Amino acid sequence: MAQGPPTPPPTSTTEIQDQVRDAVLDRSSDPPAERAPSPPLPGPPLDAYQQAFPNIYELAIQRDFSALAHYAETMDLKGQNPRSPSRLLLIVPLALTYLILDNHTLAQLVVARLPENSRFHPLTRALGNLVASASEREYAQVYAHAEVMCGLAQQPESANDNLANLITTLVTLFVELFRQKTFTLLSRAFSSIETSQAQLYLGLSREQLLSATSGAWRYDSVSDMLYPPGNNDTTLHTNCPVPSSLDTFDSVASDLIKLESGL
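A short tour of the structure in this document, coming up. Counting starts from 1 at the beginning of each chain's written sequence and moves along it residue by residue. Side-chain atom pairs in this predicted model are given and counted only at pLDDT of 80 or more, local residue features only at pLDDT of at least 70, and totals for whole chains, interfaces and linings cover all residues. To get the side-chain values, all heavy atoms of the structure are used, and hydrogens and water are removed first.

### Description of the pattern of salt bridges
Salt bridge criterion: a side-chain nitrogen from Lys or Arg within 4 Å of a carboxyl oxygen from Asp or Glu. On inspection of all chains with the given rule, the structure shows seven salt bridges. The salt bridge partner of Asp76 is Arg87, with a shortest N-O separation of 2.9 Å. Of the two residues, Asp76 sits in helix α3 (residues 65-78) while Arg87 sits in the loop between α3 and α4 (88-100), which places them eleven residues apart along the sequence. Take Arg87: its relative accessible area is 7%, and that puts it in the buried class. Residue Arg206 pairs with Asp224 through a salt bridge whose shortest N-O separation is 2.8 Å. A residue pair is termed long-range when its members are at least 10 positions apart, and Arg206 in helix α10 (residues 206-213) and Asp224 in the loop between β2 (218-220) and β3 (225-227) qualify at 18 residues. Three labels apply to residues, based on accessible area from a 1.4 Å probe with only protein chains included: buried if under 20% of the type maximum, exposed if over 50%, partly exposed otherwise in between. Overall, Arg206 belongs to the partly exposed group, its relative accessible area being 32%. Numbering goes from the N terminus for both helices and strands, where a helix is a DSSP run of H or I of at least four residues and a strand is a run of E of at least two.

### Focus: the packing of helix α2 (residues 48-61) against α3
In a packed pair of helices, the relevant descriptors are the angle between the two axes and the axis-to-axis distance. Lines fitted to C-alpha atoms define the axes here, with helix axes fitted over just the stretch in contact, and angles between the N-to-C directions of these axes take values from 0 to 180 degrees. Two elements in contact, α2 and α3, have axes whose closest approach is 9 Å; the angle formed by their N-to-C orientations is 175 degrees. One element, α2, and the other, α3, form an angle in the roughly antiparallel class. Packed against α2, whose contacting residues are Ala48, Tyr49, Gln51, Ala52, Asn55, Ile56, Leu59 and Ala60, the element α3 presents Phe65, Ala67, Leu68, Tyr71, Ala72, Met75, Asp76 and Lys78 at the interface. Here the term charged refers only to Asp, Glu, Lys and Arg, the term nonpolar to Ala, Val, Leu, Ile, Met, Phe, Trp, Tyr, Cys and Pro, and the term polar to all other amino acids, Gly among them. Each residue belonging to the contact of α2 with α3 can be placed in one class, and the counts come to twelve nonpolar, two polar and two charged. Angle categories: roughly parallel below 35 degrees, roughly antiparallel above 145, roughly perpendicular from 65 to 115, and oblique for all the rest. In what follows, residue pairs with any heavy atoms lying within 4.5 Å of each other are defined as contacts.

### Description of helix α5 (residues 104-112)
Along α5, the residues classified as buried are His104, Ala107, Val110 and Val111. On an axial view of α5, the arc spanned by its buried residues comes to 115 degrees, and they lie on one face. Where α5 is buried, its residues contact α3, α4 and α6 (122-135). For this quantity, the arc is that covered by the directions from the helix axis to the C-beta atoms.

### Things to note about the nonpolar core
Nine residue types can take part in a nonpolar core, namely buried Ala, Val, Leu, Ile, Met, Phe, Trp, Tyr and Cys, and a core is a set of them joined through side-chain atoms within 4.5 Å. Core analysis: the largest hydrophobic core is formed by 64 residues, its most contacted members being Leu96, Met149, Ile167 and Phe174. Look past the residues within four positions of Met149 in its chain and what remains in contact with it is Val92, Leu96, Leu123, Ala126, Leu127, Leu130, Ile167 and Val171.

### Notes on the packing of α3 against α4
The N-to-C vectors of α3 and α4 enclose an angle of 145 degrees; their axes lie 10 Å apart at closest approach. Considering only the axes of α3 and α4, their crossing is left-handed. The segment α3 lies against α4, with Phe65, Leu68, Ala69, Ala72, Glu73, Met75 and Asp76 engaging Leu90, Ile91, Pro93, Leu94, Thr97, Tyr98 and Ile100. Of the residues contributing to the contact of α3 with α4, the split by class is eleven nonpolar, one polar and two charged. Rotating anticlockwise by less than a right angle from the far helix to the near helix defines a left-handed crossing, while the corresponding clockwise rotation defines a right-handed one.

### Side note on the sheet that holds strand β1 (residues 193-194)
For two strands to count as paired, DSSP must find a minimum of two bridges between them. Here three strands make up an open sheet; going across it, the order is β1-β3-β2 and the pairing antiparallel. The sheet is open, and its two borders are formed by β1 and β2, each paired with just one other strand. As judged from the two bridges shared by β1 and β3, these two strands associate in the antiparallel manner. Across the sheet, Glu194 pairs through a bridge with Met225, a residue of β3.

Written as structure tokens, this is what we have:
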């Protein structure tokens, strides 16, 4: 089939304007070109406390608590804003570490370092109560405040999961060491003790107490009394290791006086 002659180019002003308008309309119907996504904006720089936390976490997992305390103390001195909320990443693990190391005086000094704006945080209040109870050997209160602190750390609104897990780990370890030391003191201080009294000192239910002391203490179901064996066996049957420093003579003698005076 023969094709007709080609369309002549526009010659008049009107034809040229019509051609330009048609070209613009054709381009406007094309889909818009996709834009490349903008790169994410960089976050604020980490302060000294935030930079220190991963190392603190790692030392805690390794149970190198002496190194943790030294490192945390050094990094706290380097912090430029002691009123920063992120300082809790350092202060809370440091105070718990001193409790684990059985240095309650330093734990108290760490808590006292907190600025006024951080002392009313529920977590720091619970920490202060735990440190105070441990220092005063308020046995039942130690276990109660430890439970409160772990509960606060594991709340869904916790801003830092790693800190929450670290707090739970450190508090749990401290409670086990505190309980083991108390068990040793009870074994050396008494030839017999009421089951309810032992529950108070060890923070255990009746069933837990009888299970934990089985083979170490003799139980009389008639009198509901427990009979420690003296110095023959002062190990509470838990899975938590106890540092040898907890069994030093001076520590036992000092705590034994406090224990007897509280009865």
